[in-house]
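# Structural overview for review
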Amino acid sequence: MNYLSEMLKLPVVDSTGEKIGIVNDLGIATGEVFPHVTSLAFQGPGKTPFMISWRKYVERIDDDGVFLKVPATDIRFSYLQPDEVLLARDIMNKQIVDTQGMKVVRVNDIKLSASGENQLRLLGAEVGMRGLLRTLHPVLEHVVVKVARAMGKTLPEDIIAWSYMDLLERSTQTIKLSVSHKTLGELHPADIADIIEQLDPRLRGEVFAQLDTAQAAEAISEFDDDELVAEMLEGLSDRDASSMLALMDPDDAAALIDELDYEKAEKLLRLMGVKEERAIRTLLGYEENTAGRIMTSEFVALPATATVADAIEGLRGLDEDFESVYYVYTTDPTGALTGVLSLRTLIVADRDARLNSLAYRDVVWVAPDEDQEDVAEEMSKYNLAAMPVCDENRHILGIVTVDDAMEVMTEEHQEDLQIAGVGSGEGSAGESIHAFSWFARRQYWLLIWAIASGVIAAALEAAGVATGLFVYPMCVMPVVLLAANRVVSFVRNYYLEYDEDDEQDKPYLGFFLQMLVIGIALALVIYLCGQLVLGAAYPDDLLATIHLFEAPAPVAGEVALAATALASCFACAAAVSLVSCATSVVYLKVLFWRDEHDLNTSGTALSVSAVLIACALYSVLAVLALVAIAA
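Our subject in this report is the structure included herewith. (Residues numbered from 1 in each chain as written. Predicted model: local features only at pLDDT ≥ 70, side-chain atom pairs only at ≥ 80, totals over all residues. Heavy atoms only, no water.)

Before going further, it helps to examine empty space enclosed by the protein. The full count for this structure, using the stated rule, is three cavities of 30 Å³ or more. Space inside the second largest cavity adds up to approximately 50 Å³. Along its surface, the second largest cavity is lined by Glu298, Phe299, Val300, Ser324, Val325, Tyr326, Tyr327, Tyr329, Ala386 and Ile399. Residue classes in the lining of the second largest cavity are distributed as eight nonpolar, one polar and one charged. (1 Å grid on protein atoms, 1.4 Å probe; cavity = no way out; pocket = protein on both sides within 12 Å on 5 of 7 lines; lining within 4 Å. Points joined across faces, edges and corners; volume = space filled by probe spheres on them. Nonpolar A, V, L, I, M, F, W, Y, C, P; charged D, E, K, R; others polar.)

See below:
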């Protein structure tokens, strides 16, 4: 009897042997490293709840029940003390943040240990599969453990010790969360963001409220979900939200404010200090997805005539929350960029040396209206940790740092994967590790094939054609569906590999001519394959008498009818495949148009659309052909 789930519903028996209720909870005092069970909560006659002192009244506990020292008439009931919590009510099925594993887990069961004849101690929370199985039924746990052991696998307990847990809320009315190993404040902001994103929506605000303003500012900048950012900001007062945004790097703050409605954004900006407001408004003045929007205004620039000692003193005077410093830039008397020095160069140089004698003069810089993807590619090309953004006079407006460049490249990579039809949960080979997701993305055409075959059979029956003929368009249809799918794959790859130049027109005509040639070749291959199938299935003298889309002579019989139907279906498949290739330029145009309007495009959705269109066109042609043949 080591788990709370096994103790719940045990009978409570007094010293006379009378059953006076059933166990429904245990209370503990939270101040101990491994707390003793201090209270027994049970349900008496008429489902009336009672609570008594464990130490005073409980004699022993075993598989048969909880046995008391006194008769029911001598019991004096007690109440939950301020430092006590109820295990089933306040901890079971609640979420725990495992700050060692950086994940959110749920308490499935609670492990206890006997201490003395009538004492129980709380050891920790069971957060693994065994706890979940045990709460469903102990027999189920034993069966699964034995099956796993027979297969050479182990199903270990997953216990988070109570000594590593700290209740964020001591009140039994508001306790929602426990944190193990570390407090939230000791975690990296990115880990805090990951944890909050995993929590139930009703708990996110409570956990976020545990952070001070500086921690909240760092954590919220790590959120990937814009809706979650808006949710967190809505939960703060305007002044707190404004203070938090003011502590963030200007580019991160600008990105968050850009997601808010105009009135909310203006209110938060007006509550900031003049310096922070000016920096953020400057960034918001640039177009989205440009270098100006993602640059930060925090950088170090000194006159080229300054000394190394001046540069070091300038660095020492920076605020703690200043954007990471990678380089020191030098300027001429007009403020124009003249050179750049790495921190290593400053450290090893003589303090009296002039910066202009040490600076690298061939500085790579970009204009503020440069596309952010091009900026990231330039930084990758030259292996830069930061790139200056300058106006037409080479005056430094800001710098794009490597973390922002990596974020841009990650977003672009995810967009490419989405267009390519590969999800974030897929393996390196491009196939999903989840069976249902893999089927939905890769084998959806089977479902379309089955449904379309049924529709064709129903249409032939309605037209008075022998329904047995539907087997021929059904057998040929996969050729059409797979061809349409592969055509869209070719379009996606062409789009992803296309090196776009704004000064050149989109290659629609060239692409159309290229796909038209491919379509003619594909149609010819399908038609010839159909002839090979017909030649293998029917004698040559019979094939010589049939004509596409024409009814055979009545004396020819059902064999000639079947051969004509199959030949016509292959001809329809060849025609539809040609149309799919010829019209694929439309999909290319859609991709370019959506990219120009900054809209995400799902490659899977594009493939499904193409397959559905090809399926519908083929079905119509096949039905019309079979109706003409059977007439």
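The space that makes up the second largest pocket amounts to roughly 450 Å³. For the lining of the second largest pocket, the secondary-structure elements that each account for two or more residues are helix 10 (238–247) and helix 13 (274–284). Top element by residues in the lining of the second largest pocket is helix 13. It accounts for seven residues. Tallied by class, the residues present in the lining of the second largest pocket amount to eleven nonpolar, two polar and six charged. (Helix = DSSP H or I, 4+ residues; strand = E, 2+ residues; numbered from the N terminus.)

Moving on, we come to the packing of helix 23 (residues 508–537) against helix 25 (residues 557–582). Where helix 23 contacts helix 25, the axes come no closer than 7 Å and their chain directions differ by 165 degrees. Of the possible angle classes, the one that applies to helix 23 and helix 25 is roughly antiparallel. As for the relative orientation of helix 23 and helix 25, their crossing is right-handed in sense. Across the contact of helix 23 with helix 25, the residue classes tally to 20 nonpolar, three polar and no charged. (Axes fitted to C-alpha atoms, helices over the stretch in contact; angles between N-to-C directions. Parallel < 35°, antiparallel > 145°, perpendicular 65-115°, else oblique. Left-handed = near helix turned anticlockwise from the far one by under 90°.)

This part covers unusual backbone geometry. If you check the backbone angles, lysine 9 has positive phi at about 75 degrees while not being a glycine. Relative to the assigned elements, lysine 9 resides in the loop between helix 1 (4–7) and strand 1 (11–13). Even without glycine at this site, arginine 394 takes up a positive phi of about 65 degrees. Along the chain, the position of arginine 394 falls in the loop between strand 18 (386–390) and strand 19 (396–401). Judged by relative accessible area, which is 27%, arginine 394 ranks as partly exposed. (Buried < 20%, exposed > 50% of the residue type's maximum accessible area, 1.4 Å probe, protein only.)

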